[in-house]
Structure formats: C-alpha cells, structure tokens
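The primary structure of each chain is shown beneath.
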Amino acid sequence: MNDVFGAIHAAVQTVENDPVLNISIFAAFVAVTLFIVIRASRNNKTAADYYAAGRSFTGPQNGFAISGDYLSAASFLGICGAIAINGYDGFLYSIGFLVAWLVALLLVAELMRNTGKFTMADVLSFRLKQGPVRMAAAITTLAVCFFYLLAQMAGAGGLVSLLLGIKETIGQSIVVAVVGVLMIVYVLVGGMKGTTWVQIVKAFLLIGGAFVMTIWVLALNGFSLDTLLANAVAASTTDPKDAILGPGLQYGANPWDFISLAIALVLGTAGLPHVLMRFYTVPTAKEARRSVVWAIWLIGGFYLLTLVLGYGAAALVGPEEIKAAPGGVNSAAPLLALHLGGPFLLGFISAVAFATILAVVAGLTITAAASFAHDIYANVVKKGDVPPDGEVKVARRTVIVIGILAIIGGIGVQGQNIAFLVALAFAVAASANLPTILYSLFWRGFTTRGAVWSMYGGLAAAVILIFLSPVFWGGETSVFKVGTAIWPLNNPGIVSIPLGFFLGWLGSVTSRKAEDPAKAAEMEVRSLTGFGAEKATHH
Amino acid sequence: MSDPRTDAAPAGIDYIEVEESPRFTELKRRQRSFVFPLSIAFLVWYFAYVLLSSFAPEFMAQRVWGDITLGLLLGLGQFVTTFAITMAYVSFANRRLDPISEEIRNDLEKREVSA
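In this text, all values refer to a predicted model and were calculated from it rather than measured experimentally. (Residues numbered from 1 in each chain as written. Chains lettered and ligands numbered in written order. Predicted model: local features only at pLDDT ≥ 70, side-chain atom pairs only at ≥ 80, totals over all residues.)

(A) Fine view of the overall build of chain A. Per the secondary structure count, chain A includes 20 helices and zero strands. The C-alpha radius of gyration of chain A comes to 23 Å, within 12% of the 24 Å expected for a compact globule of 539 residues. The principal-axis extent of the C-alpha atoms belonging to chain A is close to 65 × 50 × 45 Å. Expressed as a percentage of the 539 residues in chain A, the buried residues total 67%. Sequence-distant contacts, at least 24 apart, represent 82% of the contacts inside chain A between residues at least 6 apart. (Helix = DSSP H or I, 4+ residues; strand = E, 2+ residues; numbered from the N terminus. Rg over C-alpha atoms; globule rule 2.2 N^0.38 Å. Buried ≥ 20, exposed ≤ 12 C-beta atoms within 10 Å, placed from the backbone. Contact = placed C-beta atoms within 7 Å.)

Here it is as structure tokens:
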C-alpha cells in the first residue's frame, strides 16, 4: 500500500507532470462528493440515520457501495501490477477476494441483517453475556479498522504528494493531514449516508474507468484474449518467456505462504466489520441479499477487467518499464493509462485511485466510531443508559479522535513497508471475527466463554505471528533488518484461523454455565424470519 | 428451562414454541440443507484450485489452446461457479425460503399486535 504513490510517481516522471490538471481532476471529485455529502446530511437525526443511513438504501445502491468499500487501491493498483509482472499468480490472488463473497452471501449477510442493529457486536452479543462479548467484538473491530486504516492513510499521503509534486517529508505530512481532515469532514457531516454516496460515486468511477481501459486494450489486441496473452508473452522478460501464463512466479518460492494467505482472504471478507456494517444500511434481509448479489457481479466483473489490464500493461508498457518505475509493480495501471490516453487519462486514473482511498478510509472510520460509541460507550460503559442523542454525539467525537490518530499514524509510517497491514486485517477478521459469527448463528452450544476465547485468541495469534514473522525480522524488506524470524510465513492465517475456531469450540464445551435457551430461540427465529428486525426510518 | 415463558420477549411471544413449530423447523431445514453443502462445495473447489496452483504448476501451465492455459481456464471457472452459485441461491431463497419466512413473520407480527 505504501508504494501506491510510487505508481503515480513513475508515470509522473516519464511524462511532463501536469500537477494543475491532476489537482483540477481530484478537486472536482472532492467538490462533487462534498456537495453530495452535505445534501445527504440533512436527515441525519437519529443513531439509525447516522450509523445506518436510515436503512434506506436499495440493494443495488448498497451493492455499489460495498464494491466501493471493498475495492481498495491495493486491489486496483496492486492486482493490475501483480498480473503485469507475475502474470498468473497475480490473477490467483484476486480469485480469493471474489470467492470470499459466497461466505457472506450464503452464511452471513441476511442473518446478520435480521438480528443486528448497527455493529457486528450487536449480533455476537445477542444471546450471550453482553459485557464481555461486546467488548471483545469491539476490540477486534477496532483492531481490523486500525490496521486497514493505517495502510490506506500511508498510501493516500504518498499518492497525493506525488500528484502534487511534493517530495519533502514535511510537505507529505501536510498532505496526509489534509487527507485526514477531508475524511473527518465527510464522516462527521455526512455520517453513513454521506460515506455511502462517496463509495457509490467512487465505484462508478473505478469500474467505469477500468471498463473503458479494458475495451481499449482489447481493441488494440483484436478483441482476442489469446492475442493479448501472446503479446504479453512476447514482451515478457521472464525465463522462459511464457512463465507468466502459469503459476509460480510470485508464490512459487514458498507455496505455504500463499495457502496461508488464501485461507485468510476467503474467510476474512465475511468478518470485515466495515463490510458487515454495510448490511444495516438496507431496509430488509432481502435487500441485503440483493446488495451482496450486486456486489458479487461488480467485484467479479472488476477482477476480470484487471486480468485484461494487467496483461495489457505487460504487453503495451512492458515489465521492464514498470519495474524501473519508482512505484514498481503498482505503477502498471497508471502507466497503462498514460500509454493509452495520455496525461488526461493518467490524471483521471490517479484521481480514481485517490477517490478509492478516501472512500475506503471513510467507511473504516464510521465503522470504528460506531463500534466505539455504540458498543463500548453506550452498552458496556453506560450499560445502555444514554440519552437518545448521546451516542451519536460520542460517535462524532470518536470520528475526530480516529481521524487525528490516523493522521499521526499515517505520518509516522511514511517510508515504512506497511503492505502487510492489509493482509493482517484479513487474517484478524478471519481468525477473531468469523468463527464467533458462524458459531453464534449456527451452533446452539456456543457460549460466552467460547466467544471471548475465540476473539481474543484469534486476534492475539494473528498479531503475534505477524510480529514473529519475516515481515518484522531479518529480511531486505523487513521492519527490522536484523535478527531471524521465528515463524517462517508472512501470513499467520494457516495457524490463527483454525486456532480461532478451536478456541471457540473449546471455550464452549468447557463452560459450566449454559446460555439462555429462550434468547437462543429468539435469535434463531428472528435471524431466519426477519421478525422484529430494525426497519427503515422515514422522513 | 422449567418455564421459558418468563424469559420471553416483552411482546409475549414464546420463541421456543415458535422455534419448535413444524413450519419453522421446515424453514430451518431448507435453509441449512441448501447453504451448508454448497458452502463446503465451493470451499473445496477453491482450495483444490489453490493447491493445484501451488503444488502442480506444470499441470496448470499446460496450454489448452493458443496461449490459454489450464490454470487460467480453471481460474475463470472459479468466477463462473461463483456467479452460478450466487444466482442459484437467489432463486432458491426467493422460491423456497422467502414465502415461508414471510408467513411466519406476518403471523408473529399479528400476535405482537394482539398481545
């Protein structure tokens, strides 16, 4: 993520950089989205308005917003670049991100919508002991949001800095601060409604831009995937040249590392708190189902486009030029844009990358603020005894605190290799959140102790293993370049995810206190029928 | 569990009774007997693909026609099955789950009003 900026830097250096054009394009984006956010904020009265946009979005709208929330700059620039350089292995990576949505569709989305109000913790603590379960769920939520947010902020700072031609550390720090302030304004003023509209606009721009570029690339290759692949092979610098058509270039050295990542990708999505929270912005479970269906088509379609764009960048730009660019693999998509449409398309794609980061950080911020205000403050600290507007007031203040923390963090990690944070967020979501979500929805014997053990155990295992891994110790790109890693894989999922499931089971079977059967029956009836589910608010 | 009624929601609905009703057990059976096998199936297919890519690279690098390899086709196959499962689930849920869950929900809402 942190070298997202390098991507743009590359393109910027190869052509006469036009900062005025770049600034105008994304100033236009900011102006349009701010206008929408301010309009959307008019009806932000209750907690349901602020956290869940009054539950008034339609399935298709929410599907676009989910795609806008989910398709981060890492998946756009990162996957295009990985395919351009490593071919098949880059494509392999995107498949996990898509298949993961079936977990959300079949097992999680509708049942969560029916039983929850605003946060993941609402569902997890439904039939278990409120205090400890809510607290644990809020902590894992905040952890996932924090890791993901830090990665995005570092990328945002670098990206904008280079588009504006700012190279000094102090200048970049100011830009990170501006991005943070912009994010605070969006979320503070617009709440979930404003955030959702930013995500919808961004999804249109991103998928639209990728679609146009894909058609363009295919037109240059006679609308034949085979010709495109042949051209990519011809331009390849690998030995043998056609190695980009088969597996092994990126993950061949340590297949277990990829398997560990693959498990986290496919099981992590349905446990990402900012994704789960999006299900509460629609009026019914049926709309939640429709949103996931739209999201699957949009996200799947987008990854198919990146396949063409990645091989297109390999064929038209060439791996040497991409690798020589300061941003390395991440510069593939911007360089392809420059090659196809000149500085204007480059400016557009760069603005889209910026919009992508802004939409994702806004979604993360509102999720973290909701979790703090609704779970920790209102339900754990105040035990539900808060005035109607008290919770939202706390949520708004939390937004400011999170924004400031994100700015400080984003400045602090400038120049660090923090790409591992996105993978860590998925690993934590899969190890700490998903086991408890599935157990509480489908296993009657699940208990408070099981939930608490699973969430803290899964979180701790993922974080500790990352800390003991080559990400931190003894490699060229490690945080500390000295020492040796105790745990050999960069991804903790292969251990931490089974551990999360195991602890949930162990904690439950060793519990002496049975959970309330009436609550369990209520949760089951409500989750499947939607009886008593939160309704849309009308204005 | 001597008298679950004391734990029931304020609306006075006995959820244990609803849960044990034949209509609800049928809804639960239909939902689970559809989503569980399908979830296992797509996870097995996904991990089979990941393991083949990781441990049988020559097999996956075979050309099927032109420069299109078996691995690429199987990868696109993952997209196809994901889209197919999505549509199959939606059609199943619309036909087999929604009517019965709506019936139970309307029933409960009526009971809530009269309680």
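We are not done yet, so read on.
(B) Structural view of the overall build of chain B. Helix and strand content of chain B: four helices and two strands. In sequence order, the secondary structure elements of chain B are arranged as α-α-α-β-β-α. Buried residues in chain B amount to 26% of all 115 residues. Put simply, 56% of the contacts in chain B that link residues at least 6 apart link residues at least 24 apart.

(C) Representation of helix α15 (residues 332-381) of chain A within the structure. Residues and elements named next belong to chain A. Taking 1.5 Å of rise per residue, the 50 residues of α15 would be expected to cover 74 Å, yet its terminal C-alpha atoms sit only 49 Å apart, more than 12% below that figure. Counted residue by residue, α15 has 43 buried out of 50 residues, so it is predominantly covered. Positive phi shows up at Lys383, right after α15, with a value of about 50°. (Expected span 1.5 Å × (residues − 1).)

(D) Representation of the interface of chain B and chain A. Listed as interface residues are 47 residues of chain B and, on the opposing side, 43 residues of chain A. Within the residue set of the side of chain B that touches chain A, elements represented by two or more residues are α1 (15-20), α2 (22-55), α3 (57-60), β2 (68-69) and α4 (70-114) of chain B. Among the elements that make up the side of chain B that touches chain A, the one with the highest residue count is α4(B) (18 residues).

(E) Structural view of the packing of helix α11 (residues 255-268) of chain A against helix α17 (residues 420-442) of chain A. All names here are of chain A. It is the contact of α11 with α17, at a shortest axis distance of 8 Å, that shows an interaxial angle of 65°. Once α11 is placed against α17, the crossing between them reads as left-handed. On the side of α11, the interface is formed by Leu261, Ala264, Leu265, Leu267 and Gly268, while α17 contributes Ala423, Phe426, Ala427, Ala429, Ala430 and Leu434. Taken together, the residues that form the contact of α11 with α17 break down as ten nonpolar, one polar and no charged. (Axes fitted to C-alpha atoms, helices over the stretch in contact; angles between N-to-C directions. Left-handed = near helix turned anticlockwise from the far one by under 90°. Nonpolar A, V, L, I, M, F, W, Y, C, P; charged D, E, K, R; others polar.)

(F) Representation of the nonpolar core in the model. Judged by nonpolar contacts, the single largest core of 235 residues is most densely connected at Ala313(A), Leu336(A) and Val428(A). With residues up to four places along the chain from it excluded, the contact list for Val428(A) reads Thr140(A), Ala143(A), Val144(A), Phe147(A), Leu459(A) and Ala462(A). (Core = buried A, V, L, I, M, F, W, Y, C linked by C-beta atoms within 7 Å.)

(G) Just the packing of α2(B) against α4(B), in detail. Residue and element names in this part refer to chain B. One way to put it is that α2 packs onto α4 with a least axis distance of 11 Å and a crossing angle of 175°. Considered as vectors, α2 and α4 are oriented roughly antiparallel to each other. In the contact of α2 with α4, the residues fall into 14 nonpolar, six polar and five charged. (Parallel < 35°, antiparallel > 145°, perpendicular 65-115°, else oblique.)

(H) Looking closely at the confidence of the model for chain A. Mean pLDDT for chain A: 88, with 93% of residues reaching 70 or above. Averaged pLDDT values for the elements of chain A fall to 52 in helix α1 (residues 4-14) of chain A and rise to 97 in helix α19 (residues 493-509) of chain A. (pLDDT = per-residue confidence, 0-100.)

(I) Looking closely at helix α10 (residues 225-235) of chain A. Every buried residue of α10(A) is accounted for by Leu228(A), Leu229(A), Asn231(A), Ala232(A), Val233(A) and Ala235(A). Elements that come into contact with the buried residues of α10(A) comprise α13 (285-316) and α14 (319-324) of chain A together with β2 of chain B.

(J) Representation of the confidence of the model for chain B in the model. Residue and element names in this part refer to chain B. Considering every residue of chain B, the mean pLDDT works out to 89; 90% of them sit at 70 or more. When pLDDT is averaged over each helix and strand of chain B, the minimum, 88, is found for strand β1 (residues 63-65) and the maximum, 96, for α2. With pTM at 0.92, the complex prediction returns an ipTM value of 0.91.

(K) Structural detail: the environment of Val292(A). Turning to its location among the elements, Val292(A) is positioned in helix α13. Owing to 29 C-beta atoms within 10 Å, Val292(A) belongs among the buried residues under this scheme.

(L) View of unusual backbone geometry. All names here are of chain A. Not every positive phi belongs to a glycine, and Ala53 is a case in point at roughly 55°. You can see Ala53 is positioned in the loop between α3 (47-52) and α4 (59-70). Of note, Arg55 is a non-glycine position whose phi angle comes to about 50°, a positive value. Within the element layout of this structure, Arg55 appears in the loop between α3 and α4.

(M) Layout of the environment of Gln62(B). Residue and element names in this part refer to chain B. Tracing the backbone through its elements, the reader meets Gln62 in the loop between α3 and β1. Among the residues examined, Gln62 registers 12 C-beta atoms within 10 Å and is labelled exposed. Ignoring anything within four residues of it in the chain, the contact list for Gln62 reads Thr69 and Leu70.

(N) Structural detail: the environment of Ala285(A). All names here are of chain A. With respect to the helices, strands and loops of the structure, Ala285 is situated in helix α13. C-alpha separation for the pair Ala285 and Glu110, spaced 175 residues apart in sequence, amounts to 4.7 Å. Other than its neighbours up to four places away in sequence, Ala285 contacts Glu110, Arg113, Asn114, Gly530 and Ala533.

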